[in-house]
Amino acid sequence: MDHQCWERPEDMDTPRNVYKVSTQNPGSDVAAETAAALAAASIVFKDSDPSYSKQLLQTAMKVFDFADRYRGSYSDSLNSVVCPFYCSYSGYQDELLWGASWIHRASQNRSYLAYIQSNGHTLGADDDDYSFSWDDKRAGTKVLLSKDFLEKNTQEFQLYKAHSDNYICSLIPGTSSFQAQYTPGGLLYKASASNLQYVTSSAFLLLTYAKYLSSNGGVASCGTSTFPAEKLTSLAKKQVDYILGNNPAKMSYMVGFGQKYPLHVHHRGSSLPSVHAHPDHIACNNGFQYLNSGSPNPNVLVGAIVGGPDNKDNFADDRNNYQQSEPATYINAPFVGAVAFFSGKTTTN
Ligand SMILES: *[C@@H]1O[C@H](CO)[C@@H](O)[C@H](O)[C@H]1NC(C)=O
C-alpha cells in the first residue's frame, strides 16, 4: 500500500501488515534464505561469542528443516502482497541449496553434505546461471561450495568448482564461454533496470572466488585457458572504480561520494523536505509534487548506490527514471564486500 504514496517515513499512514509463512502457507525461499543468514552469522560470531554462535547455528538448522519439510514458494502463498516486485522468480530450490550450503560451511555436519549430494541435482547444481541476486542464489552457492573443494578436495563438490569457473569465465572477455555484455566504457551490463545490482554482486563473487583461489593455489579454468586470482581481482576493481567515478560521464554512482553524483535520487525520504524543514504532515498524494519537481533532493542520501547508467554509459539524473536513479539495499550490500576486500588489501600490504 505504501508504494502508492510518496511519503516520508515519519508520515507513513498506510497499513503496515505483517505476513508469515507457515506449514499451510509455506515459503521455502524466504525460510531457507533466513537459515543461510543465520548460519553465515554463526561463523562471524564463532570466536567472539561462541554460545551466541551456537544458538544461531541451531536456529539455522531448525529454520532450514521447516523450509525443506514444507516446500513451496512464498510468492504462491503471498502472491498479492509480494508480486510483482518481490516474486520469487527463480523459485525456492536455489535457496534450499544455498541454506544447506551455508549450514554445511558453518557446521561441517555431514548430514548437510549428504543433503547437498542427494538433492543438489534437483535444486539447481547443474544449471549454469549467470546472475547472482536477491532472488537467484545459484552462482553464489557454487562459489561457496567450491571453497570446500579447494580447501579440502571434497570430491562431492568438484562439480561446484566447475560451475563456478563457468560463471567466472562468462565474465572474462576472450574466453570461449564469455557471454557477458559490457558498455563501451567498460561497465558490466545485464539489465535496463537497477543494473548496478548485478555489477556489485558480480564484483563480490569475483573477489570472493579470487580469495578462495589464491588461498589454495587454485586457478579458474576457462576451456583451454586458466586465470589466476589476480585476473579476477583486476576485473572486479574496474567495476568498483567505474561505480565510484572512473567512467566516461565522470559520475560517481554512489551518492555523496566524489565531485559529481546523482542529485535526483528516486527515494522518498531523500526527495521530500525533512520534518525539521517542514514539520507539517505531508499526505500520501501530496508528496508527488516533490517526486515530480526538477529540484535536487533536499536530503543527500550519503552512500546509496543507484541503478546506474544504460548500455551506452548514459545516465539521466531524473527522479522519475527509477530504472537508473533508484537506490536499493541489494545494490549496496555486495558492494560493501567488494570495498572491504580492497580496503583490507591496502592495510595489510
Ligand atoms: C547434524 O545435523 C543433523 C540434522 O540437522 C542433526 O540432527 C544432528 O544432531 C547434527 N549433528 C551434530 C553433531 O550437531
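Per chain, the residues get numbers from 1 upward, laid out in the order the sequence is written. It should be noted that, the model being predicted, local features are given only for residues of pLDDT at least 70 and side-chain atom pairs only at 80 or more, the latter also being counted only at that level, while totals for whole chains, interfaces and linings use all residues. The side-chain quantities take in all heavy atoms of the structure and omit both hydrogens and water.

S.K.: For unusual backbone geometry, give the residues involved together with the corresponding values.
M.R.: With an omega dihedral of 5°, the bond running from Cys 83 to Pro 84 counts as a cis peptide bond. Within the secondary structure, Pro 84 sits in the loop between helix H4 (79–82) and helix H5 (93–107). Within the chain, Asn 153 stands out as a residue other than glycine whose phi angle is a positive 55°. Structurally, Asn 153 is set in the loop between helix H7 (138–152) and helix H8 (158–170). Although it is not a glycine, Ser 194 sits at a positive phi angle of roughly 50°. Under the scheme used here, helices are H or I runs from DSSP no shorter than 4 residues and strands are E runs no shorter than 2 residues, and both carry numbers assigned from the N terminus. If you trace the backbone, Ser 194 turns up in the loop between strand S2 (188–189) and helix H9 (196–215). In this structure Ser 194 comes out as buried when scored by relative accessible area, which is 10%. Note on exposure labels: buried denotes an accessible area under 20% of the residue type's maximum, exposed denotes more than 50%, and partly exposed covers the range between, all computed with a 1.4 Å probe on protein chains only.

S.K.: So what's going on with the site of the ligand? Which residues, and what values?
M.R.: Neighbouring residues of the ligand: Asn 109, Ser 111 and Tyr 112. Pairing of N or O atoms within 3.5 Å defines a polar contact, subject to two protein rules: one partner must be a possible hydrogen donor and the other a possible acceptor, and residues neighboring in sequence count only if both atoms are side-chain atoms. Interatomic distance of 2.3 Å between a side-chain N/O atom of Asn 109 and an oxygen atom of the ligand. The contact in question runs from an oxygen atom of the ligand to an N or O atom on the side chain of Ser 111, over 3.4 Å. Nearness is judged by heavy atoms alone; a residue qualifies as near a molecule or strand once a single heavy atom is within 4 Å of it.

S.K.: Account for the UniProt feature "domain: Glycoside hydrolase family" (unreviewed entry) in the protein, with residues named and values stated.
M.R.: UniProt positions are given in the numbering used here, feature names are shortened, and annotations may be inferred rather than shown by experiment. In the UniProt entry, the feature "domain: Glycoside hydrolase family" (unreviewed entry) is given for residues 2–339. The straight-line gap between the two end C-alpha atoms of residues 2–339 is 33 Å; of that span, 46% is helix and 3% is strand.

S.K.: So what's going on with the state of the cysteines? Residues and values would help.
M.R.: Defined by distance alone, a disulfide is two cysteine sulfur atoms within 2.5 Å. With the rule as written, the count across this model stands at three disulfides. Between the sulfur atoms of Cys 83 and its disulfide mate Cys 87 the distance is 2.0 Å. Where Cys 83 bonds to Cys 87 through sulfur, the torsion about that S-S bond is close to 125°, and the disulfide is right-handed. Each member of the pair Cys 83 and Cys 87 is classed as buried. Sulfur-sulfur distance for the disulfide between Cys 169 and Cys 222 comes to 2.0 Å. Classification of the bridge connecting Cys 169 and Cys 222 rests on its S-S torsion, roughly -85°, and on that basis the disulfide is left-handed.

S.K.: So what's going on with the packing of aromatic side chains? Residues and values would help.
M.R.: Geometry of aromatic contacts follows a simple scheme: Phe, Tyr and Trp rings, the Trp one being its six-membered ring, pair when their centres are within 6.5 Å, and the pair is stacked under 30 degrees between planes, edge-to-face over 60, tilted otherwise. This structure, assessed with the given rule, holds 13 aromatic pairs. Taking the centre distance of 5.8 Å and the plane angle of 70° together, the rings of Trp 98 and Phe 132 count as edge-to-face. Within this pair, whereas Trp 98 is found in helix H5, its partner Phe 132 is found in the loop between helix H6 (110–119) and H7, the two being separated by 34 residues in sequence. Judged by its relative accessible area of 11%, Trp 98 is buried.

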